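Structural overview
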Amino acid sequence: MNQVVRPKILASACPHDCPSTCALEIEVLDKHTIGRVRGAQDNAYTAGVVCAKVARYAERVHHPDRVLHPLRRTGAKGSGQFARVSWDDALDIVAEQFIRAAQAHGSEAVWPYYYAGTMGHVMRDGIQRLRHAKKYSGFFSTICVNSAWTGFIAGTGKLAGADPREMAKSDLVVIWGTNAANTQVNVMTHATRARKERGAKLVVVDVYMNTTMQQADLPVLIRPGTDGALACAVMHCLFRDDKADWDYLHRYTDAPRELAEHLLTRDPAWAARITGCPAETIEAFARLVGERKRAYFRLGYGFSRSRNGAFNMHAASCIAAVTGAWRYEGGGAFHNNSGVFHLDKSLIEGEDIRDPAIRMLDQSRIGAILTGDAEALQGGPPVTAMLIQNTNPVAVAPDQEVVKRGFARDDLFVCLHEQFMTDTAKVADVILPATMFVEHDDFYTAGGSQYILLGPKLVEPPGECRSNHEVICALAKRVGAEHPGFAMTARELIDRTLQKSGWGTLADIEASRWIDCQPDFATAHYLNGFAYPDGKFRFKPDWPNVPFNRWHRKVPSRPIPKLPDHWNVIEEAEAEHPFRLATSPARGFLNSTFTETPTSLSQEARPTVMINPEDAAALGVADGETVLLGNRRGKVQINAKLFDGVRRGVLIAESLWPNSAYADGRGINTLTGADSIAPFGGAAFHDNKVWLRRAEPR
Ligand SMILES: Nc1nc2c(c(=O)[nH]1)N[C@H]1C(S)=C(S)[C@@H](COP(=O)(O)OP(=O)(O)OC[C@H]3O[C@@H](n4cnc5c(=O)[nH]c(N)nc54)[C@H](O)[C@@H]3O)O[C@H]1N2
Ligand SMILES: Nc1nc2c(c(=O)[nH]1)N[C@H]1C(S)=C(S)[C@@H](COP(=O)(O)OP(=O)(O)OC[C@H]3O[C@@H](n4cnc5c(=O)[nH]c(N)nc54)[C@H](O)[C@@H]3O)O[C@H]1N2
Ligand code: SF4
Ligand SMILES: [Mo]
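What you see as residue numbers is a count from 1 along each chain, following the sequence as written. Labels are handed out in written order, letters beginning with A for the chains and numbers beginning with 1 for the ligands. Totals for whole chains, interfaces and linings use all residues, but because this is a predicted model, local features are given only for residues with pLDDT of at least 70 and pairs of side-chain atoms are given and counted only at 80 or more. Just so you know, side-chain values use all the structure's heavy atoms and leave hydrogens and water out.

1. Quick notes on the packing of aromatic side chains
Centre distance within 6.5 Å is the pairing criterion for rings of Phe, Tyr and Trp, where only the six-membered ring of Trp is used; planes under 30 degrees apart are then read as stacked, over 60 as edge-to-face, and the remainder as tilted. Taken as a whole and assessed by the stated rule, the structure comprises 22 aromatic pairs. Ring geometry for Phe239 against Trp246: centres 5.5 Å apart, planes inclined by 50 degrees, an arrangement best described as tilted. Throughout, exposure labels follow a simple rule: accessible area from a 1.4 Å probe, protein chains only, divided by the maximum for the residue type, with under 20% read as buried, over 50% as exposed, and the rest as partly exposed. Judged by its relative accessible area of 14%, Phe239 falls in the buried class. On the basis of relative accessible area, Trp246 is assigned to the partly exposed category, the value being 25%.

Here's what the structure looks like:
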């Protein structure tokens, strides 16, 4: 008789750097093997939906190219020649190199470098504990959220907003600078519900007709880096047409009369010249916002990745305060909910043993740092040893040519803990094989919703893979780092951290799978006041003192205009560089992750740049033709795709392909700049001036 073996379905959470942080249900076929991955139906935010790339996660877990054993470089740097070594030997080498670097130049010569390849609190942030215990150089995390969070907090005083599920109760959903259908699909679930159930309108503000904008009732297509002008013109119309809620403005905001007066000259015609978006479209946008009080502004990261990005984020967030949309269910603004979780992470991060005198090195300036730029090194010693976890800087960091030069240094020792042979692995000295999320225990907080979720170990790791926590603890022992966190298991760290933070125990979350941390309506809508001492939303933020960067060293602030405006500090196109290039995320990849899975690779096909057909015609470029993109930072060979969903003078290269997918290994970040954006730093990935030429002129 045939026996039907049913797979077990076990709960987990998506570990990737995506605001959705989906609650997952994973088929476990046996103790080594997973099957389908689905979204949990009964999680109110995930609501049964996950993206295609994670639905096929088995392709990634069981990929034949996973790194399974510790490796040591045998050929020249970057030769790609490695030999297998034992874990003990590998860890001994790393410890010896770290000790030697600290002896030669002081502890700050060692720079632990990490990011959000996993968003698990134990696995992502445990490296901080090692850093603090040994006084290694600090990590000023700027690459992703810095400008966006600063810009949002500038207005509200806090990083939190209206319940993201409330979008379903809106009459107007404004998706601004996030390609949600690509990058956080669950936003679309709730926005679609509002349309179906309430006849809500969908406005999408972006720099190309992306997957999300294709679904919009009103597409608002602007030139990159001009969102401040758009926001000003919308608010101009609201004041002009008596759609501002003056009762709300007087009670809840700092300088409404000054703002209204300042905006008198920022009309749609003015904004049309800057944004390239017709004045009628701006008027139509303002009319919708004025007529529909339940307007939900879902503000993404994309438009903050410009040199004026923090400022533009703030400008967009001001609109909901002008109409008083915050008063209504389904109204208000949302960027990220990190402000609601109040985790006490001292055991994981070792904040209690941190020496504040140790320098903080800027993540985005890794190229300058590794090539010995004295300012980037803050006058301190060179970096001569690194441990890298959960990030792939040789592909993802800006100003790639400089980053590569830094990694090519013979006097730099690099240990990379990875799942695949990434571009960074190829230049490492020691590679350690890392587990994936289904192979270790961790917990997660969502950026785009209000849940804490558990992601327990479900299967055994392949080969000799070890978790980040295991590696950090093993290295701690070898270099003599001390902290209670090194003696705890991942499960103990989860349990103690939840308890210290007031969210129950590990056993509780094992039973419930997730914790809904949503504050009450009045708090989430700031009806008891915004998170400044006087309770008022700031149209006129005190930029250098925006209450963000509790942990971070502040970079010198450039003076920013007092009130929302078009702040023209972007890399404007000019005769030599007539195009503005944005490097928006591809649907099939997640940053540089999933560039190895067959389904994602076949979906994305090859590196391309979208160009307006009229621009292409003017240059004699045909669809599919190979072209060169360049600026003073370098040049990249890529395939042109003619697309009338980008404005003339704008180029879009959906990213992030591995460097090895391009001719000569020069990836898209060859073109992006690593200059630090105001006020606290970050990288302007979508703010580049470039030229475009045919690769082989006829
Ligand atoms: N499929 C997929 N999902 C992802 C990622 C991925 O790479 N691929 N990355 C993950 C990560 S780390 C993050 S931080 C989030 C980011 O997700 P998002 O918040 O979506 O931010 P971005 O990816 O930077 O860009 C989003 C959109 O902003 C647009 N944009 C660029 N410049 C401007 C501008 O000046 N103004 C306006 N209005 N729009 C602009 C881009 O064209 C793009 O469509 O997504 C996560 N999810
Ligand atoms: N041109 C351009 N560049 C960009 C962006 C852009 O929009 N355009 N976006 C930027 C943004 S927003 C971000 S956040 C960065 C992201 O940059 P990264 O953080 O470097 O990108 P990811 O691809 O998310 O993750 C990196 C690596 O983490 C590994 N990893 C995953 N889980 C684990 C684990 O548990 N342990 C270990 N040891 N490794 C693990 C993965 O295999 C992957 O190779 O890229 C930035 N770069
Ligand atoms: S949408 Fe984002 S959080 Fe959800 S499964 Fe996909 S990558 Fe993970
Ligand atoms: Mo990011």
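2. Examining the side chain of Arg165
Numbering of helices and strands runs from the N terminus, with a helix taken as a DSSP run of H or I at least four residues long and a strand as a DSSP run of E at least two residues long. Tracing the backbone shows Arg165 in the loop between helix 5 (146-156) and strand 8 (172-176). In this structure Arg165 comes out as buried when scored by relative accessible area, which is 19%.

3. Topic: the site of ligand 2
By convention in these notes, a residue is near a molecule or strand provided one of its non-hydrogen atoms lies within 4 Å of it. Lining the immediate surroundings of ligand 2 are 30 residues, of which Thr391, Asn392, Glu418, Thr593 and Asn669 lie closest. Asn392 has a polar backbone atom sitting 2.8 Å from an oxygen atom of ligand 2. Across the shell around ligand 2, the residue classes tally to 9 nonpolar, 17 polar and 4 charged. Mapping the shell around ligand 2 onto the domain boundaries places at least three of its residues in each of domain 2 (71-144 + 350-500) and domain 4 (579-694). In the analysis that follows, any N or O atom pair within 3.5 Å is treated as a polar contact, provided that within protein one partner can donate a hydrogen and the other can accept it, and provided that, for residues neighboring in sequence, both atoms belong to side chains. Nonpolar residues are Ala, Val, Leu, Ile, Met, Phe, Trp, Tyr, Cys and Pro. Charged residues are Asp, Glu, Lys and Arg, and all others, Gly as well, are polar. A domain assignment, automatic or from a database, supplies the domain bounds used here.

4. A short note on the site of ligand 1
The environment of ligand 1 is formed by 33 residues, the closest being Gly225, Asp227, Tyr301, Ser584 and Phe589. Between ligand 1 and Gly177, the relevant distance is 3.4 Å, taken from an oxygen atom to a main-chain nitrogen or oxygen of the residue. Taking Asn179, its main chain carries an N or O atom lying 3.2 Å from an oxygen atom of ligand 1. Mapped by element, the contributors of at least two residues to the shell around ligand 1 are helix 6 (180-183) and strand 9 (201-206). Among the residues forming the shell around ligand 1, the class breakdown is 15 nonpolar, 12 polar and 6 charged.

5. What to know about the packing of helix 5 against helix 13 (residues 309-323)
Axes are the key here: two packed helices are described by the angle between their axes and the distance separating the axes. The contact between helix 5 and helix 13 brings their axes to 7 Å, and the two run at 40 degrees. Compared by their axis directions, helix 5 and helix 13 come out oblique. You can see that helix 5 and helix 13 cross each other, and the crossing is right-handed. Across the interface between the two elements, Ser147, Ala148, Gly151, Phe152, Ala154 and Gly155 of helix 5 pack against Ala310, Met313, His314 and Ser317 of helix 13. Among the residues making up the contact of helix 5 with helix 13, the classes are represented as 5 nonpolar, 5 polar and no charged. Here, axes are lines fitted to C-alpha atoms. For helices the fit covers the stretch in contact, and angles between N-to-C directions go from 0 to 180 degrees. In these notes the angle categories are as follows: under 35 degrees is roughly parallel, over 145 is roughly antiparallel, 65 to 115 is roughly perpendicular, and the rest is oblique. Crossing handedness is read from the near helix: turned anticlockwise from the far helix by less than a right angle, it gives a left-handed crossing, and turned clockwise, a right-handed one. Residues are treated as being in contact if the distance between any of their heavy atoms lies within 4.5 Å.

Everything listed here is a matter of coordinates, which is why it stays silent on function.
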